[in-house]
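# Structural overview for review
Take a look at the letters that make up each chain.
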Amino acid sequence: KLIKEETERRVLFNKYQELKGNIRVMCRVRPSLGAPEDDRAGMSFPDEKTSAEIVLAGPEERSSLGVVSRKNYPFEFDRVFMPASQNEEIFGEISQLVQSALDGYNVCIFCYGQTGSGKTHTMSSDDGMIPRATHMIYDTITKLKEKSWEYTMEGCFVEVYNEELNDLLVPNERNSKKLEVRHDEARKQTTITNCKSVRLSSPDVVETMLSEAQKNRSVAATKANERSSRSHSIFILKLVGKNLATGEQCEGTLNLVDLAGSERLKHSQAEGDRMKETQNINKSLSCLGDVIEALGRASGHIPYRNSKLTHLLQYSLGGNSKTLMFVMVSPLEAHLKETLTSLRFATKVHNTHIGTAKSTKKIKGGD
Ligand code: ADP
Ligand code: MG
């Protein structure tokens, strides 16, 4: 029965992919982590079968007659994960996209949400999407060898902080050379100059990479956690495959992005360095929204260059790519306003339809 349900869900998922073009939005609600009952926001998940809806009870409002009520705010996404869901279940939903990167697509999966909503837990914890994706790719590559496919998998890990790129795999004091984004228009691929790239020849290399990045991050800032909520981190996997029998080749990229906290930062409360940081976060997140909107309008000019993040992800947003956004929310009443803001942003993205992605896989000597 489980297998049947799983198959049905997969069919539905594939249908979504056809219907909705190549940008999808899923919502994940963090568990309340021991918070008392009355600290929890009014949230419900009306349709358990399709798991695509979330209804939020808005802030209390007092009418002119003094009656207190709460308005319901319903939202619908491609999928909604309830608080009890585990990273394993989340990965089940994205494994097809990971496979797409092996098939020659550029794939971008990002986590959007306020600080503390579970972005890092989902992406880069020990059982998060980064290690899971790497393990899956490694297993698939091993199997594909029998079909004459020879793959290489290389990873790099960078952060965008204050509109500058930093290499998270190099200790900060040796991070002196400037990292620059370079695009290869013909191949629709991006490289970063002076960036350390690690050949992932076995799955445990990724664990070393993650702890290395964690270490370098904490060296860079006295309050590592605070810093990480103010920068975007991007794990980039490059997959290059060649079929030794047929000469087929493909080149795909998987970007796993943990965005800076989306909480509205007020300029008035920040001064000096903090002010600059704040402006840069606001700018890059709104620029991401602008890029997605422009892609949806099929506008001739897509403003990728307006921020470092979108410039870096140029070939993984729109065009030859598949995008998935996780909107992460907290279940607490205290975070209700931010939760509403996040879900509204995500709805805008969800309503955007961007053409259909194409794989780079091609026969040698073909077009
Ligand atoms: P963010 O990166 O969005 O700021 P974190 O991923 O660091 O948030 O999550 C904040 C805290 O909540 C962390 O201590 C994390 O371990 C915990 N947490 C987040 N999501 C979950 C979850 N789904 N299950 C258990 N703990 C979680
Ligand atoms: Mg984080």
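Here goes a summary of the coordinates provided. (Residues numbered from 1 in each chain as written. Chains lettered and ligands numbered in written order. Predicted model: local features only at pLDDT ≥ 70, side-chain atom pairs only at ≥ 80, totals over all residues. Heavy atoms only, no water.)

Another aspect to go through is the overall build of the protein chain. Scanning the protein chain for helices and strands turns up 9 helices and 14 strands. Sequence separation of at least 24 residues holds for 71% of the intrachain contacts in the protein chain that already meet a minimum separation of 6. Of the roughly 18,100 Å² of accessible surface on the protein chain, a fraction of 50% belongs to carbon and sulfur atoms. (Helix = DSSP H or I, 4+ residues; strand = E, 2+ residues; numbered from the N terminus. Contact = heavy atoms within 4.5 Å. Areas by Shrake-Rupley, 256 points an atom, 1.4 Å probe, with all protein chains shown as cover.)

As a further point, take the sheet that holds strand β2 (residues 43-44). With antiparallel pairing, the 3 strands of this open sheet are ordered in space as β2-β3-β4. Where the open sheet ends on each side, the last strands, each with one partner, are β2 and β4 (68-76). Of the pairings in the sheet, the one linking strand β3 (residues 53-62) to β4 comprises 8 bridges and is antiparallel in character. Counted as the bridge partner of A57 is N72 from β4. (Pairing = 2+ DSSP bridges.)

Moving on to the site of ligand 1. In the vicinity of ligand 1, the residues found are R28, R30, P31, L33, Q114, T115, G116, S117, G118, K119, T120 and H121. Within the backbone of G118, one N or O atom sits 3.1 Å away from an oxygen atom of ligand 1. Taking H121, its main chain carries an N or O atom lying 2.7 Å from an oxygen atom of ligand 1. In isolation ligand 1 offers 550 Å² of accessible surface; the protein chains occlude 67% of this area. If you tally residues by element for the shell around ligand 1, the top one is helix α3 (residues 119-123), at 3 residues. Split by residue class, the shell around ligand 1 holds 2 nonpolar, 7 polar and 3 charged. (Near = heavy atom within 4 Å. Polar contact = N/O pair within 3.5 Å; in protein donor to acceptor, adjacent residues only side chain to side chain. Nonpolar A, V, L, I, M, F, W, Y, C, P; charged D, E, K, R; others polar.)

In this model helix α9 (residues 336-350) runs 20 Å from its N-terminal to its C-terminal C-alpha over 15 residues, within 8% of the 21 Å that 1.5 Å per residue would give. Of the residues making up α9, those classed as buried are L336, E338, T339, L340, S342, L343, F345, A346, V349 and H350. (Expected span 1.5 Å × (residues − 1). Buried < 20%, exposed > 50% of the residue type's maximum accessible area, 1.4 Å probe, protein only.)

Right, let's talk about the pattern of salt bridges for a bit. Counting across every chain of the model gives 9 salt bridges. With its nearest N and O atoms 3.2 Å apart, the salt bridge here joins R70 to E333. Residue R70 is found in strand β4, and its partner E333 is found in the loop between β14 (321-329) and α9; the two are separated by 263 residues along the sequence. A relative accessible area of 34% places R70 in the partly exposed class. Residue class for E333 comes out partly exposed when judged on its relative accessible area of 29%. (Salt bridge = Lys/Arg side-chain N within 4 Å of Asp/Glu carboxyl O.)

The next point concerns the environment of N87. Take N87: it is sitting in helix α2 (residues 87-102). Here the alpha-carbon distance between N87 and R132, two residues 45 residues apart in the chain, equals 9.2 Å. If we skip the residues at most four places from it in the chain, N87 touches R28, H121, T122, S125, D127, G128, M129 and R132. A polar side-chain atom of N87 sits 2.9 Å from a polar atom in the side chain of D127.

Before going further, it helps to spend a moment on unusual backbone geometry. One non-glycine residue, S148, lies in the positive phi region at around 70 degrees. Inspection of the secondary structure puts S148 in the loop between α4 (129-144) and β7 (149-161). Although it is not a glycine, E163 adopts a positive phi angle of roughly 65 degrees. Its location among the elements puts E163 in the loop between β7 and β8 (164-167).

Regular strands place side chains that alternate from one sheet face to the opposite one. Burial analysis of strand β6 (residues 106-113) places 8 of its 8 residues in the buried class, which makes it a mostly covered element. Along β6, one buried face is formed by N106, C108, F110 and Y112 and the opposite face, lined by V107, I109, C111 and G113, is buried too. As paired elements, β6 and strand β13 (residues 249-258) share 6 bridges and run parallel to each other. The partner of C108 across the bridge, within β13, is N255.

Another aspect to go through is the state of the cysteines. Here the structure, examined in full by the defined rule, presents 0 disulfides. There is no disulfide at C156, and the cysteine sulfur nearest it, in C195, is 4.2 Å away. (Disulfide = S-S within 2.5 Å.)

As enumerated under the stated definition, the model contains 5 aromatic pairs in all. Where F81 meets F326, the ring centres are 6.5 Å apart and the plane angle is 45 degrees; that geometry is what we call tilted. With F81 in strand β5 (residues 79-81) and F326 in strand β14, this pair connects stretches of sequence that are 245 residues apart. A residue is classified by how much of its surface remains accessible, and F81, at 0% relative accessible area, is buried. A residue is classified by how much of its surface remains accessible, and F326, at 0% relative accessible area, is buried. Lying over the aromatic face of Y105, K322 brings its terminal NZ or CZ to 4.3 Å of the ring centre. (Phe/Tyr/Trp six-rings, centres within 6.5 Å; stacked < 30°, edge-to-face > 60°. Lys NZ or Arg CZ within 6 Å of the ring centre and 35° of its normal.)

Treat this as a map of the structure, not an account of what it does.
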